[in-house]
Amino acid sequence: MTLEMRCGGSFEEAAVTLPAEIGNRLLATLPAADLELLAPELEMVALDRDAVVSQAGDQTEHVLFPHSGAISVMIDMANGQTVASAAIGREGAVGTLSVLGPSPSAVTAVVRAAGIASRIPSSRFHAAFSRSPAIRHAVQIHFKAMLIQLQIGGACNALHPAQARMARWLLHLRDRADHDVLALTQEALSQILGVRRTTVTLLMRNLRASGAIRSERRGEIEIDPLRLAAVACECHDTMRLEIEGIFSMNAARSRALVLPT
């Protein structure tokens, strides 16, 4: 499958071929015939750090399937405060709620780790969604995974201290960026956690003292995943295992469907 590559708002001259090993796990669940329903309208786009790929209050124009990178789903409060409610990487998508009908987005989605994604107009995705049970099932997988994050994340925000929540979020982003050096500012962490910048500074100092953060340069944080996991609450592992369980059940279901009777 050949897709155009859009970077910085303009098309590159060279076409980009989507590899046989599709990076996005939802697209990878689709049989070839169902993926071909999306293929003519898919384009590869760059996910630039700090880019807003969906703005609360705006109509959802595209559905985005990350192949790499990390996106945080942000809740914007009336007083200007923000807090992250979920992280999306290659296991998920942005904008799939548009299949329920046209409506303004309730959340803002911000790129926290740069990467690439496949993008398709919402109207085209909805048409393919209506035709394909496999695409509908992929969307169900995504909804289940997001619901787990929202449920556990809501409890975590209410019950766990900011230090543990920061460690959890750094691990979530590390899982999706697949790199121990995260391009994150303290301002971005303040927005994600819903705390003041001065609180982030104190939390970072504590994590450095424990060795969970190896170094912190301007706009970059190098973490030690094992030591950071010791600081984080159980919510990181719980979310990760629950989401992996959803994909494992889907893989088992797919194998069962192709077994001879």
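In this text, all values refer to a predicted model and were calculated from it rather than measured experimentally.

(A) Region of the structure containing the overall build of the chain. Across its full length, the chain carries nine helices and 14 strands. Expressed as a percentage of its 261 residues, the buried residues of the chain come to 45%. Counting contacts in the chain only where the partners sit at least 6 residues apart, residues at least 24 apart contribute 75% of the total. When the accessible surface of the chain is totalled, it reaches about 13100 Å², and 54% of it is carbon and sulfur.

(B) Spotlight on the packing of aromatic side chains. Tallied over the full model, the rule gives one aromatic pair. When the ring of Phe65 is compared with that of Phe125, the centres are 5.7 Å apart and the planes differ by 55°; the resulting orientation is tilted. Placement of Phe65 in strand 7 (residues 62-66) and of Phe125 in helix 3 (residues 122-131) is noted, with a sequence separation of 60 residues between them. Each of the two residues, Phe65 as well as Phe125, counts as buried. The ring of Phe247 has Arg25 sitting right over it, with the charged end atom 4.1 Å from the ring centre.

(C) Representation of the sheet that holds strand 12 (residues 181-182). Taken together, the three strands give an open sheet; going across it, the order is 12-14-13, and neighbouring strands pair in antiparallel fashion. Both outer strands of the open sheet, strand 12 and strand 13 (213-217), are each paired with one neighbouring strand and no more. As defined by bridge partners, strand 12 adjoins strand 14 (residues 220-223) across two bridges and the pair is classed as antiparallel. Looking at strand 14, one finds that Leu182 is bridged to Ile221. Helix 7 (residues 197-210) rests against strand 13 and strand 14 of the sheet, and its axis sits at about 135° to strand 13.

(D) Seen up close, empty space enclosed by the protein. On inspection of all chains with the given rule, the structure shows one cavity of 30 Å³ or more. Considering only enclosed or pocket space, the largest cavity measures out at about 50 Å³ in volume. Around the largest cavity sit Leu26, Leu27, Leu30, Leu38, Phe65, Phe125, Ile135, Ala138 and Val139, which together line it. For the lining of the largest cavity, the secondary-structure elements that each account for two or more residues are helix 1 (25-28) and helix 4 (133-159). Of all the elements, helix 4 adds the most residues to the lining of the largest cavity, at three residues. Partitioned by chemical class, the residues of the lining of the largest cavity number nine nonpolar, no polar and no charged.

So, how was this worked out
- Residues numbered from 1 in each chain as written.
- Predicted model: local features only at pLDDT ≥ 70, side-chain atom pairs only at ≥ 80, totals over all residues.
- Heavy atoms only, no water.
- Helix = DSSP H or I, 4+ residues; strand = E, 2+ residues; numbered from the N terminus.
- Buried < 20%, exposed > 50% of the residue type's maximum accessible area, 1.4 Å probe, protein only.
- Contact = heavy atoms within 4.5 Å.
- Areas by Shrake-Rupley, 256 points an atom, 1.4 Å probe, with all protein chains shown as cover.
- Phe/Tyr/Trp six-rings, centres within 6.5 Å; stacked < 30°, edge-to-face > 60°.
- Lys NZ or Arg CZ within 6 Å of the ring centre and 35° of its normal.
- Pairing = 2+ DSSP bridges.
- Axes fitted to C-alpha atoms, helices over the stretch in contact; angles between N-to-C directions.
- 1 Å grid on protein atoms, 1.4 Å probe; cavity = no way out; pocket = protein on both sides within 12 Å on 5 of 7 lines; lining within 4 Å.
- Points joined across faces, edges and corners; volume = space filled by probe spheres on them.
- Nonpolar A, V, L, I, M, F, W, Y, C, P; charged D, E, K, R; others polar.

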